[in-house]
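This is what each chain is made of:
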Amino acid sequence: MKKTPFISRQLAEAIDAKIPTPFYVYDEAGIVRNIENIKSAFSWNSGFKEYFAVKATPNPFILKLMKENGLGVDCSSLTELMLAEAAGFSGDDIMFSSNETPAEDYVLADRLGAIVNLDDITHVDFFDSLCGLKETMSLRYNPGGVFTVSNSIMDNPQDAKYGMTGDQIFEAVKIMMDRGVKHFGIHSFLVSNTVTNDYYPMLARQLFDLAAKISEKTGAHIAFVNLSGGVGIPYLPDQDANDIFAIGDGVRKVYEEVFIPRGMGDVAIYTEMGRYVMGPYGALVTKAIHEKHIYKEYIGVDACAVNLMRPAMYGSYHHVTVLGKEDEPCTCTYDIVGGLCENNDKFAIDRKLPKIEKGDYLFIHDAGAHGFSMGYNYNGKLRSAEVMVHPDQSFDMIRRAETPKDYFATFDFSGFNLG
Ligand SMILES: *Cc1c(COP(=O)(O)O)cnc(C)c1O
């Protein structure tokens, strides 16, 4: 799939004049279009709801946009719950899918009326003693073994820390029914960033079979199945994107095979996609500030791995476009690097690009999810601003850049001599 930036060089210059690089940009029109497609792909299920995974892009303006477009939110920590509350979410518009959960997180989730998804059987008692079990509760399942799609191993659930075994799920349901829980949800997240239309349908088969068995053996009412996240995006230009309509249709077929004949046609389908909702609709914009010619050709930019750590952490590919040079031939081979004292601080290695001049804007694609949010402060580097680009190409800053004062905010400098 050809990668096209959603802003022009002119717009980058206009933003830079007010909000200096580096900054994140988000494409409001793209986000809204994508959400419409997701909702329409699952519209065959009347209870369908996408709970946007807050950890992908934890910004209240983004969450407000999700709310305006009818999504819920999936939170996994105290501060994510606080953000959700600030953006106006409450009750069953919040899914709380955490693990190794501190008590105060459960207490806030409960005060907000969130649906609580328990990661372990020991959390039945833990949550019950803190908050009391609710009428509707969710359980996270880990099937163990290996998870294969089309005969290729995608991941090893047996090595994953999440969820309960099948036996524990049955035991938990029985205990919880005895204590008054009436409606159950089943949740599982087995593979991250899948670029295949088969992942959700394969996962759905496992979860629907389990849900049907639980209903049959215990009489419990299954209110929803939560397919969680894991639907990926094509980071590489030669990869094909997932087809959300094929995915929705694949899940529908399994639903009609497993649930409809058993009279379970009221089970709602939930998802908790983060990457698929936001990934392609955010980018890191950074300026070329140096060039260096040693054993390789380097372009030094004003962003670094603290602003986007996926390449440094996972060796991930992020496509780079030099704004204004979209149609120029890629005659140069560069390493695009930030200024950390770490040699993995490279946004691109041996990348073919048009000739880059100092002052050029580099648009680093597909950073809308798990981009800014994974940022850190190594080397005392600061987090960037975030900018929403509206459908009419006007823009708003939705988070200012950090300043040294923010970086030093947790020190008490009294008795020191700071500026
Ligand atoms: C991270 C996470 C998600 C979102 O995953 P994506 O791959 O970004 O869609 C959803 N649910 C849970 C519980 C998660 O931890």
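Structure report, in brief. (Residues numbered from 1 in each chain as written. Predicted model: local features only at pLDDT ≥ 70, side-chain atom pairs only at ≥ 80, totals over all residues. Heavy atoms only, no water.)

### Some thoughts on helix H1 (residues 9-18)
- Burial in H1 covers these residues: Leu11, Ala12, Ile15 and Asp16. Buried residues of H1, viewed axially, fall in a sector of 135°; they line one side. What points out from H1, more than 90 degrees from its buried face, is the exposed set Gln10, Ala17 and Lys18. (Buried < 20%, exposed > 50% of the residue type's maximum accessible area, 1.4 Å probe, protein only. Helix = DSSP H or I, 4+ residues; strand = E, 2+ residues; numbered from the N terminus. Arc of directions from axis to C-beta.)

### Points about the site of the ligand
- Surrounding the ligand, one finds 14 residues, the nearest of these being Lys55, Glu272, Gly274, Arg275 and His370.
- The separation between a nitrogen atom of the ligand and a polar side-chain atom of aspartate 74 is 3.1 Å.
- Here a nitrogen atom of the ligand and a side-chain polar atom of serine 228 are 3.2 Å apart.
- When the ligand is considered free in solution it has 390 Å² of accessible area, and contact with the protein chains removes 91% of it.
- Using a 2 Å cut-off from the grid points, one finds that the ligand occupies the largest pocket.
- Broken down by class, the residue content of the shell around the ligand amounts to 3 nonpolar, 6 polar and 5 charged. (Near = heavy atom within 4 Å. Polar contact = N/O pair within 3.5 Å; in protein donor to acceptor, adjacent residues only side chain to side chain. Areas by Shrake-Rupley, 256 points an atom, 1.4 Å probe, with all protein chains shown as cover. 1 Å grid on protein atoms, 1.4 Å probe; cavity = no way out; pocket = protein on both sides within 12 Å on 5 of 7 lines; lining within 4 Å. Sits in = over half its atoms within 2 Å of the grid points. Nonpolar A, V, L, I, M, F, W, Y, C, P; charged D, E, K, R; others polar.)

### Some remarks on the pairing of strand S1 (residues 23-27)
- In terms of residue burial, S1 counts as a mostly covered element, since 5 of its 5 residues are buried.
- Here S1 shows two buried faces, one formed by Phe23, Val25 and Asp27 and the other by Tyr24 and Tyr26.
- Bridge count between S1 and strand S18 (residues 385-389): 5 bridges; the pairing is parallel. If you follow tyrosine 24 over to S18, its bridge partner there is glutamate 386.
- Of the strand pairs in this sheet, S1 and strand S12 (residues 282-293) are connected by 4 bridges, and their pairing is antiparallel. From the neighbouring strand, tyrosine 26 faces S12, where its bridge partner is glycine 282. (Pairing = 2+ DSSP bridges.)

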